[in-house]
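Descriptive analysis of the structure
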Number of protein chains: 8
Amino acid sequence: ARQGQAEVVYGPGKTVREIADIVERLLRGNDGAVLVTRIEPEPARAVLALLEPVAGLPPGHHSPAARQLVWRPRDPGAGRVTIVTAGTADGPVAEEAANTCAALGIEVTRVNDVGVAGIHRLAARADELRTAELVIVIAGMEGALASVVGGLVAAPVIAVPTSTGYGASLEGVTALLAMLSSCAAGLVVVNIDSGFGAAMAAHRILRKTA
Amino acid sequence: ARQGQAEVVYGPGKTVREIADIVERLLRGNDGAVLVTRIEPEPARAVLALLEPVAGLPPGHHSPAARQLVWRPRDPGAGRVTIVTAGTADGPVAEEAANTCAALGIEVTRVNDVGVAGIHRLAARADELRTAELVIVIAGMEGALASVVGGLVAAPVIAVPTSTGYGASLEGVTALLAMLSSCAAGLVVVNIDSGFGAAMAAHRILRKTA
Amino acid sequence: ARQGQAEVVYGPGKTVREIADIVERLLRGNDGAVLVTRIEPEPARAVLALLEPVAGLPPGHHSPAARQLVWRPRDPGAGRVTIVTAGTADGPVAEEAANTCAALGIEVTRVNDVGVAGIHRLAARADELRTAELVIVIAGMEGALASVVGGLVAAPVIAVPTSTGYGASLEGVTALLAMLSSCAAGLVVVNIDSGFGAAMAAHRILRKTA
Amino acid sequence: ARQGQAEVVYGPGKTVREIADIVERLLRGNDGAVLVTRIEPEPARAVLALLEPVAGLPPGHHSPAARQLVWRPRDPGAGRVTIVTAGTADGPVAEEAANTCAALGIEVTRVNDVGVAGIHRLAARADELRTAELVIVIAGMEGALASVVGGLVAAPVIAVPTSTGYGASLEGVTALLAMLSSCAAGLVVVNIDSGFGAAMAAHRILRKTA
Amino acid sequence: ARQGQAEVVYGPGKTVREIADIVERLLRGNDGAVLVTRIEPEPARAVLALLEPVAGLPPGHHSPAARQLVWRPRDPGAGRVTIVTAGTADGPVAEEAANTCAALGIEVTRVNDVGVAGIHRLAARADELRTAELVIVIAGMEGALASVVGGLVAAPVIAVPTSTGYGASLEGVTALLAMLSSCAAGLVVVNIDSGFGAAMAAHRILRKTA
Amino acid sequence: ARQGQAEVVYGPGKTVREIADIVERLLRGNDGAVLVTRIEPEPARAVLALLEPVAGLPPGHHSPAARQLVWRPRDPGAGRVTIVTAGTADGPVAEEAANTCAALGIEVTRVNDVGVAGIHRLAARADELRTAELVIVIAGMEGALASVVGGLVAAPVIAVPTSTGYGASLEGVTALLAMLSSCAAGLVVVNIDSGFGAAMAAHRILRKTA
Amino acid sequence: ARQGQAEVVYGPGKTVREIADIVERLLRGNDGAVLVTRIEPEPARAVLALLEPVAGLPPGHHSPAARQLVWRPRDPGAGRVTIVTAGTADGPVAEEAANTCAALGIEVTRVNDVGVAGIHRLAARADELRTAELVIVIAGMEGALASVVGGLVAAPVIAVPTSTGYGASLEGVTALLAMLSSCAAGLVVVNIDSGFGAAMAAHRILRKTA
Amino acid sequence: ARQGQAEVVYGPGKTVREIADIVERLLRGNDGAVLVTRIEPEPARAVLALLEPVAGLPPGHHSPAARQLVWRPRDPGAGRVTIVTAGTADGPVAEEAANTCAALGIEVTRVNDVGVAGIHRLAARADELRTAELVIVIAGMEGALASVVGGLVAAPVIAVPTSTGYGASLEGVTALLAMLSSCAAGLVVVNIDSGFGAAMAAHRILRKTA
Ligand SMILES: Nc1ncnc2c1ncn2[C@@H]1O[C@H](COP(=O)(O)O)[C@@H](O)[C@H]1O
Ligand SMILES: Nc1ncnc2c1ncn2[C@@H]1O[C@H](COP(=O)(O)O)[C@@H](O)[C@H]1O
Ligand SMILES: Nc1ncnc2c1ncn2[C@@H]1O[C@H](COP(=O)(O)O)[C@@H](O)[C@H]1O
Ligand SMILES: Nc1ncnc2c1ncn2[C@@H]1O[C@H](COP(=O)(O)O)[C@@H](O)[C@H]1O
Ligand SMILES: [Mg+2]
Ligand SMILES: [Mg+2]
Ligand SMILES: [Mg+2]
Ligand SMILES: [Mg+2]
Ligand SMILES: [Mg+2]
Ligand SMILES: [Mg+2]
Ligand SMILES: [Mg+2]
Ligand SMILES: [Mg+2]
């Protein structure tokens, strides 16, 4: 696989047939993990059904919550990531991040629902966060959680803005701009709702130390 | 004065002569406070110099830090406001808020430099904040401080975004959108850099209870 | 309940099951009001159906117009709010504000359909408005009603921009920016279509005086 | 002159020499009014100085407040316009509109400083406004004055947003969008700060009836 | 009717029942025209069906192309408007303008499909346009037609940007900004897709001369 | 020179010393034309003064109007471009385009001041335009000229939006979006004020046929 | 056909009946190619069904992938274009470009799936690209492919941004702005997703040399 | 120092006196590095002059190119970063990144002027880049360099958009959006022009492995 990372197929805009063909080609051409991202339940099951009878291919795994298909996930051992979410609505993005991490052999600890409007919830988990190897912070609306976590921990922090919210949230643009403007030094940011991008960045970072 | 509030002259775009004439007219037509806002040191001193020799007018006070002139500030007794800032750069907006409050007879407590990147600084002041009657939170960049304070206190919280920052801060628009999208329920927001607007809103609220 | 306010569940992005579980937990853990906001009629009825047979829970109330579910609304006595709307299209946001107020024990007076294009309609209600304790102004399109009401009354005014309109209304962004730029001093603003946010802010303000 | 309107030279980006040459050519090629717009005091005086000694040209008039030079203004008789402003800061745009009207032979009535934050000021002038032939409304910040005037009068109303204000005013864009979204039916809008454009539109309208 | 204009009900966000009730009230309270705008075929027919059996009401007319219902259209005699469109896609907006004009007693001439990419088509109609009393120009994409027509005719020109186009057209915002920035002096602009607004503005202008 | 095009140094952000050093290196390393763009008069003269005494370098030419320095301009013979401008304010961008063309050996025909508000001016030059080999259209404000020229000629048309105008012109963004949305098929667009980019694109096109 | 180009009907917003009528009129009035663009499969087949029985008309061809109908495609001989895409998702825009080219008699070479994240894929095709007559580069997300190709080849390069991507891709606006800001000199850009516009521009350029 | 990182003072908006006082306090309260960022040459020298005579303080170092003051830079040993720039104009941001790295004990390798318009320049450095421990890519205009480098290397890549460019570059916003939308998986992004932020993020990452 390119750069030692997994091979990844971006699902939107591709037919079931096209996806199955690309996945088959990738599985035969490499021996690393293969992922399909942003795929809805029905086409996902159709891709699996098309590939199941094909000889010589490993089995595929479907995670509807992460909207992903995965073949040949790597064994754990590529480090550990702590994924922090502000609220329930950020769940699907966290699932995308966690499932991608798992496929890459990265273990995941989850810290859910610690949005800053109830700072005591975050405070209760502060010690746990301070020992994290790498933190992915996922938050929508104003995205303030990233700044607070960035100030708490010395580890690398990858901030993922989500499209949660309405009105002035501007479909995630407000959280994106807020995270980029954070007063916590050394935060890094990925695209709106890109749990996938955060996991891939974590993989680049953790591989260094493995 | 209209609605029992002070009479206020917005300085930008007016000549020294125009400002002096308006102030004189307002001082003679009412007996409340009169303010000139957003006035630079030189024209401020020139306005004072023009009005000083005029018979029958009360003395004017110049606050360069607040960029204001004030005549007939009210006596204290109109309540108390706690003004919280994220960093040093938010100082001028806090000065504008504090000086306007003073002119309106509102007492001011200051909690400075408690930006969320060092959440321990805010934590150290949490008890003090929880007893506040009304809080004005002033923050730029991502404006996350407003959400955290909004979650800490049950009192009214007026959030003032500032134009502090660069790039993705978009001259205060990011902090503005973030405060409006805050996950802390019941925050209210005023215009970018409008320490004046926050103080006037505080005055509307505190008068109810006085 | 946190900060003496009601416990609130934001409906979008949660399953009926998840909402029912959270509500049950909140009802058992506190004795204050519990709200679910932005919930459509069908899931709302499904949540009620799930919780009805559960022993030891108080009955829930469904307001389809406000898109809310409420348990244990507080008794009146937490003050009074006057909710002013510009036109019929602003109705749903006003319902959200009014129903939230009711759940918090705040009484509500309604002044409907006084948009500024027919200033006589507003003029006819001016005396009533001048005696209001606190005013929530709800308007879309250009949002001018907030400025006019802000000039009429000395009480706190919370402005709620709505997404009513088309083209240059930019889904409520124009009304939002207009209200923030208002020439009426001391207006405060909440997010687009956030009747809920306005009611929560009113609760913070009124509690001070109760 | 093209279409029976005055010939107009837009000043910015042209040298004094270029402006003088164009004006001379226009004065010799037509017999209507000639205007130079958006010209600062110094270059304005320099243009006049260059053209004064030239034989056969009519005298030019300089209005520093309007930032204009005018030659051969038309005699009054082309109708009457009422120019309404919200505040002192809108003055320069009103001067540009009024001076252009005068050059086109349109008489001007001024109604100043009737911003909607003090609706009584506007109410006091309502009867006068209702008899106007055509109204130009000039307002910055949230531009609400246009909606209120549009609802008061049956005559044509031309709205001019100004760049007055700060923060969420977005250099006049907020007033522009607000005027375009107005709930008062039949308002028409011109570019930000374009007192000139409003006067030219008035001229198109009034000529029909003259 | 207010200001001698027709009474107008904005359809979106109102139930069939609400619309019928408002229309009945307006028909009984005035003797001018009554319009319902932006109403889809099915609710339009339902409103008519509800009101038909009601005694003492005049018959209503439905124009699906204009998305309007009209009662008591005025007799012609309120002047004449020339409506110019750039392309077929601008048709629905032109229908809204034309049907509103008809209801107000304004006669309409149509000049269709003269977009500037084929300037000969416009040139062929130039003489006809030059004699127009008032021109409404309706164009999407880049909206250039307004500038060219504005340069051709001396009459009032009302420009209506439409949401025709894709990508950089930004749902009509590009045409709107382009018309406001037009190099043709004295153009006035209304909201995106607002054929209604243009007709109401025309009515204000034409009434002056009638 | 890379790709057979001239070597070009972008002036802003470089010291006189840095520019002189880069130019010397380029002149010694190639035998094609060398340009410095967007350089103000003073640093331009300083660069020439630094390089003049250096042995073995060809003489440099300074065009203040184009804000460029050129060494070893190519001989004519690389085709011909017709540069069309809407108004005087577009002049500096046209100079940049024309001077770059000249340096590349492209001959230039100029058609100035044919903005669409006076369509007769453009009509008078239509035959000339129809015989052009390639047209560069330079226009600000609403940029409508590009659409009209695009409809008139069958040759390649490169549209250059300029930052001319104010308010809704948004520093050239409106003209840019308008040109991209043009109803004239097959227009291509370059960056705002980029006379340089248009000339380089012309060079790519004309070289094909030379 | 106008300017020697094909006659083109923009499908959206027109009924099947309207399209069929326009196509019939164009086929009878000219002898060049006729295209309908952006038409979905069902209406496309309906238009063909309506026109098939009509005497004297040539047969129409339907390309569902390009969303086009074509009558009387020209014979090859109008030059050759190389169409380069970044990824699978850019396919539909490439189909629109290729099918338009074919209708205009332009031959097409395809270079697919050479996005810059795997620069080796592009490197493997570099020699082929360097010999291209004219290149159309189609890319979404950040659109970086256009800059790299622009640096590789000396031929004309037309960049087409696509709406592929999510979040910060802003429906193609990011790719559009990026291509306009490209550091590769002489790139030209067309509207988002406008494979059609790119082909028409190519036709203007290639006709010069044919 | 907080989180084991250096103490950093953001210069803008602070007086020389304020900066000197804060620096003195930080130097006495910790034993780590202390930085002042974004400080112009004159105030920088004034701060040094104020602190030099103060007993017991270590000497400060001024880097005008990085616009920074540094006290007690750490010894090398905290890893190595490769800083890649697209062009000369990105130099100041690279200096800020490099000087911050040096203060934190991170060694720096520079790869300058490898913008993608001349992909051979980057190709020549590809092997060197592939062995990098961590890469900071600094590019303005369309920011395409980040995507190409992200595809070349498996190491962590931090992308820094710069405000280089004009027009559609939108002061760095285009590069920012492009980097966030990159087709190269696992890129992370910091604020516009924030060489400082990139270095702080690098420090978080490298500390893990040291
Ligand atoms: N969910 C995702 N978000 C962003 N990029 C993705 C995602 N999934 C795959 N990609 C990237 O998309 C590219 C594959 O695109 P494609 O060839 O269309 O499948 C690779 O560069 C992947 O790294
Ligand atoms: N600093 C300020 N920010 C916002 N509004 C202000 C400010 N100062 C005065 N105003 C308002 O501006 C109006 C006075 O404007 P003017 O008549 O131009 O002096 C009043 O409505 C004031 O409440
Ligand atoms: N199509 C339309 N576009 C814009 N405004 C309209 C339209 N139809 C009605 N209105 C205006 O909307 C208001 C009536 O709103 P409503 O009371 O909600 O029916 C009046 O001010 C009308 O002039
Ligand atoms: N150049 C810079 N860019 C972004 N943030 C910075 C910069 N320099 C310092 N900071 C941050 O700004 C805060 C210090 O702000 P202040 O208290 O105003 O000096 C700390 O959180 C620093 O990490
Ligand atoms: Mg959140
Ligand atoms: Mg802050
Ligand atoms: Mg409204
Ligand atoms: Mg105003
Ligand atoms: Mg059009
Ligand atoms: Mg122009
Ligand atoms: Mg791409
Ligand atoms: Mg670059």
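Values in this document were obtained by computation on a predicted structure and should not be read as measured data. (Residues numbered from 1 in each chain as written. Chains lettered and ligands numbered in written order. Predicted model: local features only at pLDDT ≥ 70, side-chain atom pairs only at ≥ 80, totals over all residues. Heavy atoms only, no water.)

With that settled, consider the overall build of chain A. Tallying secondary structure elements over chain A gives 8 helices and 9 strands in all. Seen along its three principal axes, the alpha-carbon backbone of chain A occupies a region of about 55 × 40 × 25 Å. By residue count, 60% of the 210 residues in chain A fall in the buried class. Expressed as a percentage of contacts within chain A between residues at least 6 apart in sequence, the contacts between residues at least 24 apart total 71%. For chain A, the accessible surface area stands at approximately 7,100 Å², while carbon and sulfur atoms represent 52% of it. Charge separation in chain A, taken as the distance between the mean sites of 18 positive and 20 negative side-chain charges, equals 5 Å. (Helix = DSSP H or I, 4+ residues; strand = E, 2+ residues; numbered from the N terminus. Buried < 20%, exposed > 50% of the residue type's maximum accessible area, 1.4 Å probe, protein only. Contact = heavy atoms within 4.5 Å. Areas by Shrake-Rupley, 256 points an atom, 1.4 Å probe, with all protein chains shown as cover. Lys, Arg positive; Asp, Glu negative; His and termini not counted. Charge placed at Lys NZ, Arg CZ, Asp CG, Glu CD.)

Counting residues at the interface gives 31 residues for chain F, matched by 31 residues for chain G. Approximately 2,500 Å² of surface area, both sides summed, lies buried where chain F meets chain G, with 60% of it carried by carbon and sulfur atoms. Our count for the contact surface shared by chain F and chain G stands at 11 residue pairs in polar contact (both at pLDDT 80 or more). The set of elements that each furnish at least two residues to the side of chain F that touches chain G consists of helix 6 (144-152), helix 7 (173-180), strand 9 (188-189) and helix 8 (195-209) of chain F. If one sorts the elements of the side of chain F that touches chain G by residue count, helix 8 of chain F sits on top with 10 residues. Across the side of chain F that touches chain G, the residue classes break down as 18 nonpolar, 9 polar and 4 charged. (Buried area = accessible area lost by both parts, 1.4 Å probe. Polar contact = N/O pair within 3.5 Å; in protein donor to acceptor, adjacent residues only side chain to side chain. Nonpolar A, V, L, I, M, F, W, Y, C, P; charged D, E, K, R; others polar.)

Turning our eyes to something else, we now look at the side chain of Thr100(A). Residue and element names in this part refer to chain A. Tracing the backbone shows Thr100 in helix 3 (residues 91-103). Overall, Thr100 belongs to the buried group, its relative accessible area being 1%. Not counting chain neighbours up to four residues away, the residues in contact with Thr100 comprise Leu35, Gln68, Phe196, Ala199 and Met200.

Attention now goes to the site of ligand 3. Around ligand 3, the structure places Tyr166(C), Cys183(D), Ala185(D), Val8(E), Val9(E), Tyr10(E), Lys14(E), Thr37(E), Arg38(E), Glu96(E) and Phe196(E). With respect to ligand 3, its neighbouring residues span chains C, D and E. One nitrogen or oxygen atom from the main chain of Cys183(D) is found 2.8 Å from an oxygen atom belonging to ligand 3. Side-chain polar atom of Thr37(E) to a nitrogen atom of ligand 3: 2.6 Å apart, as the coordinates give it. Contact with the protein chains hides 82% of the accessible area of ligand 3, taken as 500 Å² for the molecule alone. (Near = heavy atom within 4 Å.)

Residues and elements named next belong to chain A. Read across the sheet, 4 strands follow the order 1-2-4-3 without closing on themselves; strand pairing throughout is mixed. Each of the sheet's edge strands pairs with one partner strand only, and the pair in question is strand 1 (7-10) and strand 3 (60-63). Adjacent strand axes in the sheet meet at a mean angle of 15 degrees, parallel and antiparallel pairs treated alike. In the sheet, strand 1 pairs with strand 2 (residues 34-37) via 4 bridges, with the strands oriented parallel. Paired with Glu7 across the bridge in strand 2 is Val34. (Pairing = 2+ DSSP bridges. Axes fitted to C-alpha atoms, helices over the stretch in contact; angles between N-to-C directions.)

Geometrically, a pair of aromatic rings is defined through the distance of the ring centres and the angle of the planes. On inspection of all chains with the given rule, the structure shows 8 aromatic pairs over all chains. Both rings, one in Tyr166(E) and one in Tyr10(G), keep their centres 6.2 Å apart while their planes meet at 25 degrees; by these two values the pair is stacked. Of this pair, Tyr166(E) sits in the loop between strand 8 (157-161) and helix 7 (173-180) while Tyr10(G) sits in strand 1 (residues 7-10), placing the two residues on different chains. With a relative accessible area of 25%, Tyr10(G) lands in the partly exposed category. Stacked on the ring of Tyr166(C), the Lys or Arg Arg38(E) has its end atom at 4.0 Å from the ring centre. (Phe/Tyr/Trp six-rings, centres within 6.5 Å; stacked < 30°, edge-to-face > 60°. Lys NZ or Arg CZ within 6 Å of the ring centre and 35° of its normal.)

All names here are of chain G. At a minimum axis distance of 9 Å, the contact between helix 1 (residues 16-29) and helix 2 (residues 41-51) shows a crossing angle of 50 degrees. As summarised for this structure, helix 1 and helix 2 are arranged oblique, according to the angle between their axes. Considering the relative orientation of helix 1 and helix 2, their crossing is right-handed. Seen from helix 1, the contacting residues are Val16, Arg17, Ile19, Ala20, Val23 and Glu24; seen from helix 2, they are Pro43, Ala46, Val47, Leu50 and Leu51. Class assignment of the residues belonging to the contact of helix 1 with helix 2 gives a composition of 9 nonpolar, no polar and 2 charged. (Parallel < 35°, antiparallel > 145°, perpendicular 65-115°, else oblique. Left-handed = near helix turned anticlockwise from the far one by under 90°.)

Here we come to the relation of the copies chain C and chain B. Under the fitted operation, chain C is carried onto chain B by 0.0 Å of movement along the axis and a turn of 180 degrees, and the coordinates agree to an RMSD of 0.0 Å. On this basis, the relationship between the two copies can be described by a two-fold rotation axis. Both copies share a contact surface, since 100% of the interface residues of chain C are interface residues in chain B too. (Least-squares fit on C-alpha atoms with pLDDT ≥ 70 in both.)

What follows concerns the pairing of strand 6 (residues 107-111) of chain B. All names here are of chain B. Bridging between strand 5 (residues 80-85) and strand 6 involves 5 bridges; their strand directions are parallel. Of the residues in strand 6, the one forming a bridge with Arg80 is Glu107. One crossover worth recording links strand 5 to the parallel strand 6 by way of helix 3 (residues 91-103), and it is right-handed. (Right-handed = clockwise from strand over helix to strand, strands pointing away.)

All names here are of chain G. For helix 3 (residues 91-103), with 13 residues, the first-to-last C-alpha span of 18 Å sits near the 18 Å given by 1.5 Å per residue. Restricting attention to buried positions, one finds in helix 3 the residues Val93, Ala94, Glu96, Ala97, Ala98, Thr100, Cys101 and Ala103. Gly105 lies just past helix 3 and shows a positive phi near 85 degrees. (Expected span 1.5 Å × (residues − 1).)

Here we come to the relation of the copies chain F and chain G. Placing chain F over chain G gives an RMSD of 0.0 Å and needs a rotation angle of 180 degrees, together with 0.0 Å of translation along the axis. Of all interface residues in chain F, 100% are interface residues in chain G too; the two copies therefore contact each other through one and the same surface.

What follows deals with unusual backbone geometry. One non-glycine residue, Arg67(B), lies in positive phi territory at about 50 degrees. Assignment of secondary structure puts Arg67(B) in the loop between strand 3 (60-63) and strand 4 (68-71). Classification of Arg67(B) by relative accessible area gives partly exposed; the value is 28%. Positive phi, close to 65 degrees, is recorded for Asp193(D), a residue that is not glycine. One can find Asp193(D) in the loop between strand 9 (188-189) and helix 8 (195-209). Taking relative accessible area as the criterion, Asp193(D) reaches 18% and is therefore assigned buried.

With that out of the way, let us pick up the environment of Ala65(F). All names here are of chain F. On the secondary structure map, Ala65 appears in the loop between strand 3 (60-63) and strand 4 (68-71). Judged by relative accessible area, Ala65 falls into the partly exposed class, the value being 44%. With 43 residues separating them along the chain, Ala65 and Ile22 place their C-alpha atoms 23 Å apart. Once residues lying within four places of it in the same chain are set aside, the contact partners of Ala65 are Pro92 and Glu95.

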